[in-house]
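# Analysis of the macromolecular model
Below, each chain spelled out in residue letters.
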Amino acid sequence: MARKKKMSTGKKVGITALAAVIVIGGVAGYATLGKKSTTSNVLNEYLPVDMTTQDLSQMTDSYAFEVAANVQQGLLSRTSSGAPKAGLAKSWSHSKDGLTWTFHLRKGLKWSNGDPLTASDFVYAWQRTVNPKTASQYAYIYSGIKNADAINSGKDKDLSSLGIKAKNKTTLVVTLEHPMPQFQNLMAFPVFFAQDKKFESSLGSKVGTSSSKQVYDGPYKFVGWNGSNKKFKLVPNKNYWDAKAVKNKGVDFQVITDPTATLATYKKDQLDSVSLTTPEQIKKYKSSKDLKIYNSSETLYMEYNQTGKVKGLTNTKIRQALNLATDRKSISQSVSEGLDGIPTGMTPAGLAKTATGGDFAKAAAKATAYAYNIKKAKKLFAEGMKEAGLKKLTLTIEGSSDSTVTKSTLDTLQQSWSELPGLTVKEKLVPFKQRLLDQENHNFDVVLAAWGADYAEPLTFLNMFVTDGANNDGKWSNKQYDTLINNASDKDALSDTKRTADEIKAEKTLYDDSAVNPVFWVNAATLSNSKVKGVQYFSSGASYYFWNAYRSKK
């Protein structure tokens, strides 16, 4: 959510996907679930898809990040408003030019197994993530830290040249290649958390493949997950430096993929919150006093395979026609009673501000014109087919079968796209894990994906589509775009005015070239137990902190 935060489009992260207040991520579940636990100080939550991993270098999806944000902690944490605050580091400072950052860890930090946690654990973790042998899809987010790009690309073989050094057991010094406006926010993001080399060294690729194959330094420990089971839990971590601040006795999680079953479980008082993920549910509970709507800073979008393996999709006019033939308003109505936002770009409304304080998405909308125009789409499609030397074209749109919104979205797309002369549209529904794998291996024609913000800045979305970027699964490439993103990330980084201008031009480039196809901006509709207080929700990064939550008697 940032993150390769490749989300399930049926996750608890949106009206169609995100569950609000204490839903989405954290993963846990005591063996006994039922009404009894709703009277104790244990939270009861669920996941709509299976857990994937707790390897901090390998995780890419929102659920894994959600768990990690509660069972681990970074150098920095976040206040209820999302601002950076002290985490495992008790204090920090930076040089005037913004290139050198010094963090002072708290003394006596421990992992959940009793191993001491020192500054070298951060050095090991960062080096492991950027090491090309690890093949972390999130290594790209280290760009800007000294030598990170060179190491990850294989040009620099010396991991110790990475811009992070342990001066002693409690002092870290980080060196940047250029100022990074988002740097403090990133220090609270799981990809930058410490890892226990002593514990991980014997596990190899098995790190984080079950809850017992990981150790934890955060408020909770992750317990009871064997890699495939449907119930697991978070329990308080007695070795956490601020263990007394945890206000509950844990979080029970169960995996429930059927939205009807999930709502029924909530109504039986066996869950403390539930996402409304179908139009019928939303319509029924629109007036409920328990309903809350949240901006989830997430975009559901389609990515086109432009590797050359799929005939037609390397033609700009064909992609433009597909974008024009996308009836976003009808899709939003079909999946969320119109509560999800109609996108004007990849960066969702409410995420970031411009230099003048306005909403970035609103400013960028002046440079784009995403709209449904089937007449123009037919004309461009015919021209594109002629340029590509094609008379007929068959495209398969792939999406997650365990999503509650995929089928209705694909049905609407199939109906409108099939109006394009010579085009046959097929649907392919696969489990979330398989969809991620196909996406990462470029094994698709068109894929329906979702991305949530890692931090509150447009670059968290725009960075995805640079040439050969780890998240650029469609393999689109545009030199002008690369230059704009490089400028926004480097020489214009500390100028809000110049950086915003670069980012708006980047959004326009995505639009002009129909590089991707934003379908809707996800909002979150959730029914939540009014007796559960203190869950912290964030629209970027990992979405929930549970440890300040408690069950009240009123």
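Everything below is about the structure shown above.
Below: a short report on this structure. (Residues numbered from 1 in each chain as written. Predicted model: local features only at pLDDT ≥ 70, side-chain atom pairs only at ≥ 80, totals over all residues. Heavy atoms only, no water.)

### Comments concerning the sheet that holds strand S6 (residues 164–168)
With antiparallel pairing, the four strands of this open sheet are ordered in space as S4-S5-S7-S6. Edge positions in the sheet fall to strand S4 (89–94) and S6, since each has one partner strand and no second. For this sheet the average axis-to-axis angle between neighbouring strands, irrespective of direction, equals 20 degrees. Of the strand pairs in this sheet, strand S5 (residues 100–105) and strand S7 (residues 171–175) are connected by five bridges, and their pairing is antiparallel. (Pairing = 2+ DSSP bridges. Helix = DSSP H or I, 4+ residues; strand = E, 2+ residues; numbered from the N terminus. Axes fitted to C-alpha atoms, helices over the stretch in contact; angles between N-to-C directions.)

### A word on the layout of surface pockets
Within this model, the largest pocket holds a volume of roughly 920 Å³. As for the largest pocket, its lining consists of 37 residues, and the residues nearest its centre are Tyr 140, Ser 143, Asp 149, Val 466 and Gly 469. Contributing elements (two or more residues each) for the lining of the largest pocket: helix H3 (148–153) and helix H15 (479–489). Looking at the lining of the largest pocket, its residues break down into 13 nonpolar, 15 polar and nine charged. Each pocket or cavity is described by its volume, and for the second largest pocket that value is around 370 Å³. Looking at the second largest pocket, it is lined by 21 residues, and the ones nearest its centre are Asp 269, Asn 529, Ser 530, Lys 531 and Arg 551. (1 Å grid on protein atoms, 1.4 Å probe; cavity = no way out; pocket = protein on both sides within 12 Å on 5 of 7 lines; lining within 4 Å. Points joined across faces, edges and corners; volume = space filled by probe spheres on them. Nonpolar A, V, L, I, M, F, W, Y, C, P; charged D, E, K, R; others polar.)

### Observations concerning the pattern of salt bridges
Side chains bearing opposite charge may pair, as long as their charged atoms lie close to each other. The tally for this structure, following the rule as stated, stands at 18 salt bridges. Between Glu 200 and Arg 128 there is a salt bridge; the shortest N-O distance is 3.8 Å. You can see Glu 200 sitting in helix H5 (residues 197–200) and its partner Arg 128 sitting in helix H2 (residues 119–130), a full 72 residues away along the chain. Residue Glu 200 is classed as buried on the basis of its relative accessible area of 3%. A salt bridge links Lys 428 to Glu 398; the shortest N-O distance between them is 3.8 Å. Of this pair, Lys 428 sits in strand S14 (residues 423–430) while Glu 398 sits in strand S13 (residues 393–400); the two residues are 30 residues apart in sequence, bridging distant segments of the chain. Classification of Glu 398 as buried rests on a relative accessible area of 2%. One salt-bridge network, held together by shared partners, links Lys 317, Lys 379, Glu 383 and Glu 387. (Salt bridge = Lys/Arg side-chain N within 4 Å of Asp/Glu carboxyl O. Buried < 20%, exposed > 50% of the residue type's maximum accessible area, 1.4 Å probe, protein only.)

### Some remarks on the environment of Gln 333
With respect to the helices, strands and loops of the structure, Gln 333 is situated in helix H9 (residues 328–336). Among residues more than four places away in sequence, those in contact with Gln 333 are Pro 279 and Gly 338. (Contact = heavy atoms within 4.5 Å.)

### Digging into the sheet that holds strand S16 (residues 516–528)
Taken in spatial order, the six strands make up an open sheet running S11-S16-S12-S15-S13-S14, and their pairing is mixed. Each having just a single partner strand, strand S11 (273–275) and S14 make up the two edges of the open sheet. Strand-to-strand, the axes of this sheet are offset by a mean angle of 30 degrees, without reference to chain direction. Both S13 and S14 contribute to a ladder of eight bridges, which runs parallel. Directly across from Ser 400, in S14, lies its bridge partner Val 430.

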